[in-house]
Amino acid sequence: MGLILRFLFGILSFIVALIAIGIGYSKLDNVYRQKIFASILNKVSDPNDSAMMDLRCNQLLQHSNVKGHVLEIGTGTGINFPCLHNNTNIKSYTGIEPNVNMHQYFYNLIKQWNIPYEIRLLSNSATDMHEIESNSIDTIIMTFVLCSVPDPLPEKILLEAHRILKPDRNFIFFEHVVANSKTKPFTYRFQKIIEPLWKIINDGCQFKPITNYFDAMKNVYSQVQYEHSVMPVPVFFIKDAIKGKLVK
Ligand SMILES: C[S@@+](CC[C@H](N)C(=O)[O-])C[C@H]1O[C@@H](n2cnc3c(N)ncnc32)[C@H](O)[C@@H]1O
Ligand SMILES: *[C@@H]1O[C@H](CO)[C@@H](O)[C@H](O)[C@H]1NC(C)=O
Ligand SMILES: *[C@@H]1O[C@H](CO)[C@@H](O)[C@H](O)[C@H]1NC(C)=O
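Note that the structure is a prediction, hence the values are computed from the model and not measured. Each residue is numbered by its place in its chain's sequence as written, counting from 1. Throughout, the order in which chains and ligands are written sets their labels, letters from A for the former and numbers from 1 for the latter. In view of the model being predicted, local features appear only for residues whose pLDDT reaches at least 70, and side-chain atom pairs are presented and counted only at 80 or more, with totals across whole chains, interfaces and linings using the full set of residues. In computing side-chain values, all of the structure's heavy atoms are included and hydrogens and water are not.

Focus: the state of the cysteines
A covalent bond between the sulfur atoms of two cysteines is referred to as a disulfide.
Part 1 of the argument: A pair of sulfur atoms, both from cysteines and within 2.5 Å, is called a disulfide here. Under the counting rule described, the total for this entry stands at two disulfides.
Part 2 of the argument: What pairs with Cys147 in a disulfide is Cys205, and their sulfur atoms sit 2.0 Å apart. Because the torsion about its S-S bond is -120°, the bridge between Cys147 and Cys205 counts as left-handed. Taken together, the positions of Cys147 in the loop between β4 (137–143) and α6 (153–164) and Cys205 in the loop between α7 (185–201) and α8 (211–215) put the pair 58 residues apart, joining distant regions of the chain. Secondary structure is summarised from DSSP: a helix means a run of H or I of at least four residues, a strand means a run of E of at least two, and numbering begins at the N terminus for each.

Following this line, the structure appears as structure tokens:
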């Protein structure tokens with residue numbers, strides 16, 4: 001009983017803290033908020049987090065999976081680079097990152113390596129990648145991006161990605177998803193309760209049925225594949241994820 005009470009109390013104080021942070025945060029303007037988010041993301045994106053890096057490098061971005069002209073959607077602080085810097089299959093890398101505050105963290109992280117291929121970072125949204133020619137990209141990668149992209153923009157991103165991808169090539173993704181309301185009702189309810197605050201402090205991120213966006217691509221891409229995956233993080237309400245690929 002004591003344990004349950006402590007647990008409930010812990011959750012309650014967590015929610016109160018979130019509310020306080022959320023209220024303070026929502027008073028800031030967008031420019032400032034983006035700056036803060038970039039610095040928070042830089043702190044939590046830890047290249048020494050071996051469980052997360054194993055997921056990124058050994059379960060998703062193995063060297064044999066990522067090749068040719070590579071484009072990453074929502075590069076963030078460049079946390080996928082420990083998996084990419086010495087990949088000899090890569091010919092060039094283009095990052096799409098609209099929050100320009102992330103760019104300094106990106107360049108700072110990658111300067112430790114002598115990367116043999118060309119790297120460029122663009123600051124537009126992936127909903128419109130007009131700088132990128134149609135049928136020119138061999139591998140697209142995207143990790144933890146769509147939860148912070150408001151509807152109906154995720155669909156636009158997946159269609160833009162289809163335009164720039166070469167036929168037969170892969171778009172590899174790993175994304176947070178909302179918990180299943182039938183098998184994990186408690187987590188689901190908790191996510192819905194904290195969502196308004198979570199959204200404010202976490203760059204607009206919502207708990208969404210992200211698989212719907214990929215399912216809707218079955219008539220556009222030649223293959224749509226994904227499987228459920230569990231995030232190796234000690235936070236129960238952000239454990240649900242999917243891992244998969246789209247093939248043009
Ligand atoms: C939660 S972060 C994930 C960063 C990194 N990919 C990772 O795995 O940690 C989401 C990133 O997507 C970016 N983003 C949001 N909307 C975007 C859009 N429309 N096009 C491209 N990137 C976007 C954000 O600026 C942010 O850097
Ligand atoms: C990661 O570990 C290395 C070696 O232990 C250390 O030099 C580096 O500062 C650490 N990086 C971060 C971001 O903690
Ligand atoms: C690439 O670098 C990582 C460290 O960032 C290392 O663990 C890995 O073994 C290297 N792979 C190759 C093929 O050199």
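Description of the site of ligand 1
Part 1 of the argument: Among the 18 residues in the neighbourhood of ligand 1, the closest are listed as Arg56, Gly74, Glu97, Ala126 and Thr143.
Part 2 of the argument: Under the rule applied, a polar contact is a pair of N or O atoms within 3.5 Å (in protein, one hydrogen donor and one hydrogen acceptor; residues adjacent in sequence only if both atoms are side-chain atoms). Backbone polar atom of Gly74 to a nitrogen atom of ligand 1: 2.7 Å apart, as the coordinates give it.
Part 3 of the argument: One of the backbone nitrogen or oxygen atoms of Ala126 is found 2.9 Å away from a nitrogen atom of ligand 1.
Part 4 of the argument: Throughout, the Shrake-Rupley method with a 1.4 Å probe supplies accessible areas, and for residues the shown protein chains are the sole cover considered. Taken by itself ligand 1 offers 590 Å² of open surface, and the protein chains cover 90% of this. Being near a molecule or strand, for a residue, comes down to having at least one heavy atom within 4 Å of it.

Notes on the sheet that holds strand β5 (residues 165–176)
Part 1 of the argument: Across the sheet, which stays open at both edges, the seven strands sit in the order β3-β2-β1-β4-β5-β7-β6 with mixed pairing between neighbours. Every interior strand has two partners, whereas the edge strands, β3 (118–122) and β6 (223–230), have only one. Neighbour-to-neighbour, the strand axes of the sheet open up by a mean angle of 15°, direction not taken into account.
Part 2 of the argument: Only when DSSP finds a minimum of two bridges between them are two strands counted as paired. Alignment of β6 against strand β7 (residues 240–247), held across eight bridges, turns out to be antiparallel. Across the sheet, residue Gln223 finds its bridge partner in β7, namely Val247. Only the stretch in contact is used when fitting a helix axis, every axis being a line fitted to C-alpha atoms; angles between N-to-C directions are given from 0 to 180 degrees.

Observations regarding the pairing of β3
Part 1 of the argument: By the bridge criterion, five bridges tie strand β2 (residues 90–96) to β3 in an arrangement that is parallel. Pairing of Ser92 across the sheet is with Glu118, part of β3.
Part 2 of the argument: Handedness of a crossover: with both strands directed away from the viewer, a clockwise path from the first strand across the helix to the second marks it as right-handed. Handedness of the crossover joining β2 and β3 through helix α5 (residues 101–110) is recorded here as right-handed.

So, the side chain of Asn87
Part 1 of the argument: Relative to the assigned elements, Asn87 resides in the loop between α4 (81–84) and β2.
Part 2 of the argument: Exposure classes here rest on a 1.4 Å probe applied to the protein chains alone. A residue is buried below 20% of its type maximum, exposed above 50%, and partly exposed in between. Using a relative accessible area of 1% as the deciding quantity, one classes Asn87 as buried.
Part 3 of the argument: A polar contact is formed between the side chain of Asn87 and the backbone oxygen of Val66, at a distance of 2.9 Å.
Part 4 of the argument: Looking at Asn87, its side chain comes within polar contact range of the main-chain nitrogen of Asn89, at 2.7 Å.
Part 5 of the argument: Residue contacts are defined here by distance: any two heavy atoms, one from each residue, within 4.5 Å place the two residues in contact. Among all residues touching Asn87, those that are not within four sequence positions of it are His63, Val66 and Tyr117.

Considerations on the layout of surface pockets
Part 1 of the argument: Grid points spaced at 1 Å and placed over the protein atoms alone form the basis of the search, with a cavity being a set where a 1.4 Å probe fits but cannot get out and a pocket an open set showing protein on both sides within 12 Å along at least five of seven lines. Lining residues have an atom within 4 Å of a point. Grid points are joined across faces, edges and corners, and a volume is the space filled by probe spheres set on the points. Put simply, the second largest pocket is a space of about 200 Å³.
Part 2 of the argument: Lining the second largest pocket, in full, are Gln59, Leu60, Gln62, Asn65, Asn170, Ile172, Gln225, Tyr226, Glu227, Lys243, Gly244 and Lys245.
Part 3 of the argument: Counting only elements with at least two residues in the lining of the second largest pocket, the list comes to α3 (50–60), β5, β6 and β7.
Part 4 of the argument: Residues are grouped as follows: Ala, Val, Leu, Ile, Met, Phe, Trp, Tyr, Cys and Pro are nonpolar; Asp, Glu, Lys and Arg are charged; every other residue, Gly included, is polar. Residues of the lining of the second largest pocket, tallied by class, amount to three nonpolar, six polar and three charged.

Focus on the packing of aromatic side chains
Part 1 of the argument: The criterion for an aromatic pair is that two Phe, Tyr or Trp rings (for Trp, the six-membered ring) have centres within 6.5 Å, with stacked assigned to planes under 30 degrees apart, edge-to-face to planes over 60 apart and tilted to the rest. Inspection of every chain in the model, using the stated rule, returns 16 aromatic pairs.
Part 2 of the argument: Taking 6.1 Å as the distance between ring centres and 20° as the angle between the ring planes, the aromatic pair formed by Tyr93 and Phe106 counts as stacked. Residue Tyr93 is found in strand β2, and its partner Phe106 is found in helix α5; the two are separated by 13 residues along the sequence. Assigned by exposure class, Tyr93 and Phe106 land together as buried.
Part 3 of the argument: Ring geometry for Trp198 versus Phe237: centroids 5.3 Å apart, planes at 80°, classification edge-to-face. Taken together, the residues span a long stretch of sequence, with Trp198 in helix α7 and Phe237 in the loop between β6 and β7 at a distance of 39 residues.
Part 4 of the argument: A relative accessible area of 13% means that Trp198 is categorised as buried.
Part 5 of the argument: One aromatic cluster in this structure is built from Phe14, Phe186, Phe190, Trp198, Phe207, Phe236 and Phe237.

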